[in-house]
Amino acid sequence: MSKIQSVLLVCCCLVLILLLTILLFSIAQSVPQTPSVIYIVVTPTPMGISSTLMVPPSPKSSPTPTFYVPPTWTPTFTPSPMPTATPLPTRTPTPTQTPTPSITSSPLPPRRPTAIPITPIAELEITMTQAYSGYLPVPIPTAVPRYPIPEDAITIVLLGSDQRPDWDYWNTDAIQYVVIYPDIPSVAVLSIPRDLYVYIPNMRMSRINTADLYGERYGFDGGGIGLLNQTLLYNLGITADYYAMVNFDGLIGLVDVLGGVDVPVHCQLHDYWPIPDENGEYHILTLEPGIHHMNGELALWYSRTRKTTSVFAREARQQQILEAMWRKAKQSNLFTMLPALYEQTRDLYQTDLGLGNILELGIVAAQLDSTDVRFYNIGRNETQFYITGQGGNVYLPLWEPVSAVIDAAIKRPAESRATRAEIRIEVWNGTTLPDRDWLAADTLTRYGYTPVVTPADRQDYAQTQIVVFSSTTKGTGLNQIQQLFHVRDENVSYVENPASDVKLRLILGQDYDPCR
């Protein structure tokens, strides 16, 4: 195994396997545009058996593994006991060298920083000659209340940085805030927009992705991570016990080392492919809805494109790639490779997590089922669009809706979600369109249900229907399923069958739009 492969595999296992590296998917160079354009359409192969990607030629070939769709979208979850371990000594916020690796896992005691005294300085004057004419200065907001994060929760901020050794300016263009309850186990991933316009304590109003730079450049206590933590605390009321950061190098290779990932594409995407062909022409790539097997280059394109979508949709796609990578790592049993690879690669990423901590998180990751991982986003409904004095497009956080999202991410999973996972829903693709059943299954999984995909009796259903195998709707999730898939009451039928192991049958018709 080459050193770069070892690096990628360690990053793969670090912090719940692959949560760390997905952050880099939003960091990319601008795509050059040229009048010479070729249009390429990528469609999933019917029935989801295989998928050939018609991607433009690239300088480096990527492996194209056999496409695989698991027999059920949610793998069987068998809890295993958590090992007893000795608590770690108190650490400083800056990264430290980790002792010689041991296969003994170590629990992660939460470390909660306190807020620093705030002595605001005046907002920097706008001196640019062509400042945006509609500029309205934003007053420095008041610090929000601090969230009482439970002591049994572990919080980690995962960062993707475009920093290079010879650069004196960089951004952390991907910020994912992870909340872990090891005893359940459960994981919540909160995506924080890079363009969120916030107050950097004792600095100025700026995008949140500049906090790490300012902390390093101006010698803030705890460095860039220390200032980012204070920025999170001041503006969102949360702090991270630990951090992990990687840069752009090796990102594409990581997905390729995994053998590619299977991603449910719900909406058509249309954007330039960033690599020219041998004639110097740039291709327009269109990705149709369906289950697509993606190599590293396509996964990067999928997670960064926003030509036909938005920055918020892009963050949701980043989380999709993240989930696909975690699922592939679990299927490939990569957890067992971590101890052997850790020592030779630990200097190639930044984190204050030691090997014992990472192994502890690996144990949690191995126990997780798809319904145990929840994703949240600070999105369009939680922000207000704003144009800075320099003409930059940013988003101001709206505290009340933002606090509701943060509250949902931090709280222990509700018992109702655990109950929902026991609701098995059969899914039929009643159309000739490929993979519609798997896209619906992905939606059901994200809402905590357990889908069971089976062949339909025919493929000419005009409208989506639901069959309830009970005389009552209690405990079936019917109301929410109707809302998710826009099924009218007249398309719901009841067939009492006490012996059925599924509560509902969802039959997808021609009116089913996976992008809605």
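Report follows, based on the coordinates. As the structure is a computational prediction, the values presented were derived from the model and not from experiment. (Residues numbered from 1 in each chain as written. Predicted model: local features only at pLDDT ≥ 70, side-chain atom pairs only at ≥ 80, totals over all residues. Heavy atoms only, no water.)

**As for the overall build of the protein**
Item 1. A tally of regular secondary structure across the protein gives 12 helices and 20 strands.
Item 2. In the protein, which comprises 516 residues, the proportion classed as buried is 55%.
Item 3. Partitioning the intrachain contacts of the protein with sequence separation of at least 6 by distance along the chain shows that 77% fall at a separation of at least 24.
Item 4. Per element, the accessible surface of the protein, about 22700 Å² overall, is 54% carbon and sulfur. (Helix = DSSP H or I, 4+ residues; strand = E, 2+ residues; numbered from the N terminus. Buried < 20%, exposed > 50% of the residue type's maximum accessible area, 1.4 Å probe, protein only. Contact = heavy atoms within 4.5 Å. Areas by Shrake-Rupley, 256 points an atom, 1.4 Å probe, with all protein chains shown as cover.)

**Examining the pairing of strand β16 (residues 424-429)**
Item 1. For β16, the tally of buried residues reaches 5 of 6 residues, placing the bulk of the element in the interior.
Item 2. Of the pairings in the sheet, the one linking β16 to strand β17 (residues 450-453) comprises 4 bridges and is parallel in character. Its bridge partner lying in β17, Ile425 is registered against Pro451.
Item 3. A crossover links β16 with its parallel partner β17, the connecting element being helix α11 (residues 436-446), and its sense is right-handed. (Pairing = 2+ DSSP bridges. Right-handed = clockwise from strand over helix to strand, strands pointing away.)

**A short note on the sheet that holds strand β18 (residues 465-468)**
Item 1. Ordered in space as β17-β16-β20-β18-β19, the 5 strands form an open sheet in which the pairing is mixed. A single partner strand is all that each edge strand has here, and the edge strands are β17 and β19 (492-494). When strand polarity is set aside, the average angle formed by the axes of neighbouring strands in this sheet is 25 degrees.
Item 2. Its contacts with the sheet put α11 on β16, β17 and β20 (504-508), and the angle it makes with β16 is roughly 155 degrees. (Axes fitted to C-alpha atoms, helices over the stretch in contact; angles between N-to-C directions.)

**A word on the state of the cysteines**
Item 1. Taken as a whole and judged by the stated rule, the model has 1 disulfide.
Item 2. Between the sulfur of Cys267 and that of Cys515 lies a disulfide, 2.0 Å long from S to S. Measuring handedness by torsion sign, the sulfur bridge of Cys267 and Cys515 sits at about 100 degrees and is right-handed. In this pair, Cys267 sits in the loop between β8 (261-265) and β9 (269-272) while Cys515 sits in the segment after β20, placing the two residues 248 residues apart along the sequence.
Item 3. With a relative accessible area of 41%, Cys515 lands in the partly exposed category. (Disulfide = S-S within 2.5 Å.)

**Some points on the nonpolar core**
Item 1. Counting 36 residues, the largest nonpolar core has Leu190, Ile192 and Leu236 as its most contacted members.
Item 2. Here Ile192 is in contact with Ile175, Tyr177, Ile208, Leu232, Leu236, Glu315 and Ile378, once residues within four sequence places are set aside.
Item 3. Counting residues in each nonpolar core, the second largest holds 23 residues, with Ile291, Ala440, Ala441 and Leu508 among its members. (Core = buried A, V, L, I, M, F, W, Y, C linked by side-chain atoms within 4.5 Å.)

**A word on the pattern of salt bridges**
Item 1. Applying the stated criterion across every chain yields a total of 10 salt bridges.
Item 2. Of the charged contacts, one joins Asp195 and Arg194 as a salt bridge, the two residues approaching to 3.8 Å between their closest N and O atoms. Each member of the pair, Asp195 as well as Arg194, carries the same accessibility label: buried.
Item 3. The salt bridge partner of Glu323 is Arg446, with a shortest N-O separation of 3.2 Å. On the criterion of sequence distance, the pair formed by Glu323 in helix α6 (residues 311-332) and Arg446 in helix α11 is long-range, its members being 123 residues apart.
Item 4. Here the residues in one salt-bridge network are Asp152, Asp183 and Arg412, joined through shared partners. (Salt bridge = Lys/Arg side-chain N within 4 Å of Asp/Glu carboxyl O.)

**Concerning the packing of aromatic side chains**
Item 1. Tallied over the entire structure, the rule returns 7 aromatic pairs.
Item 2. With centroids separated by 4.9 Å and ring planes inclined at 65 degrees, the aromatic side chains of Phe312 and Tyr395 adopt a geometry described as edge-to-face. Note that Phe312 is positioned in helix α6 and Tyr395 in strand β15 (residues 393-397), a separation of 83 residues in sequence. Each member of the pair, Phe312 together with Tyr395, is buried.
Item 3. An aromatic cluster of three or more residues is present, and its members are Phe312, Phe385 and Tyr395.
Item 4. Against the face of Tyr302 rests Arg317, its NZ or CZ located 5.7 Å from the ring centre.
Item 5. Over the ring of Tyr461 we find Arg458, and its NZ or CZ is 3.8 Å from the ring centre. (Phe/Tyr/Trp six-rings, centres within 6.5 Å; stacked < 30°, edge-to-face > 60°. Lys NZ or Arg CZ within 6 Å of the ring centre and 35° of its normal.)

**Thoughts on helix α3 (residues 223-236)**
Item 1. When the terminal C-alpha atoms of α3 are compared, their 20 Å separation across 14 residues agrees well with the 20 Å that a helix rising 1.5 Å per residue should span.
Item 2. Immediately downstream of α3, the backbone of Gly237 shows phi near 80 degrees, a positive value. (Expected span 1.5 Å × (residues − 1).)

**Regarding the side chain of Ser470**
Item 1. Looking at where Ser470 falls in the secondary structure, it is placed in the loop between β18 and α12 (478-485).
Item 2. Looking at Ser470, its side chain comes within polar contact range of the main-chain oxygen of Thr472, at 3.1 Å.
Item 3. Contact partners of Ser470, with chain neighbours within four places excluded, come to Tyr494, Val495 and Glu496. (Polar contact = N/O pair within 3.5 Å; in protein donor to acceptor, adjacent residues only side chain to side chain.)

**Re the side chain of Gln319**
Item 1. Along the chain, Gln319 falls in helix α6.
Item 2. Judged by relative accessible area, Gln319 falls into the buried class, the value being 1%.
Item 3. Among all residues touching Gln319, those that are not within four sequence positions of it are Gln176, Val189, Leu190, Ser191, Phe375, Tyr376, Asn377 and Arg446.

**Notes on the layout of surface pockets**
Where empty space is left can be seen by rolling a probe of water-molecule size over the atoms.
Item 1. The volume enclosed by the largest pocket comes to roughly 1400 Å³.
Item 2. Ala316, Phe375, Asn377, Arg446 and Tyr447 are the residues nearest the centre of the largest pocket, which is lined by 42 residues in total.
Item 3. Elements represented by at least two residues in the lining of the largest pocket include exactly α6, β13 (373-377), α10 (415-421), α11 and α12.
Item 4. When its residues are assigned to classes, the lining of the largest pocket shows 19 nonpolar, 11 polar and 12 charged. (1 Å grid on protein atoms, 1.4 Å probe; cavity = no way out; pocket = protein on both sides within 12 Å on 5 of 7 lines; lining within 4 Å. Points joined across faces, edges and corners; volume = space filled by probe spheres on them. Nonpolar A, V, L, I, M, F, W, Y, C, P; charged D, E, K, R; others polar.)

**Thoughts on the environment of Val255**
Item 1. By secondary structure assignment, the location of Val255 is in helix α4 (residues 251-257).
Item 2. For Val255, a relative accessible area of 0% translates into the label buried.
Item 3. Considering only alpha carbons, one finds Val255 and Glu297, 42 residues apart in sequence, at a separation of 8.5 Å.

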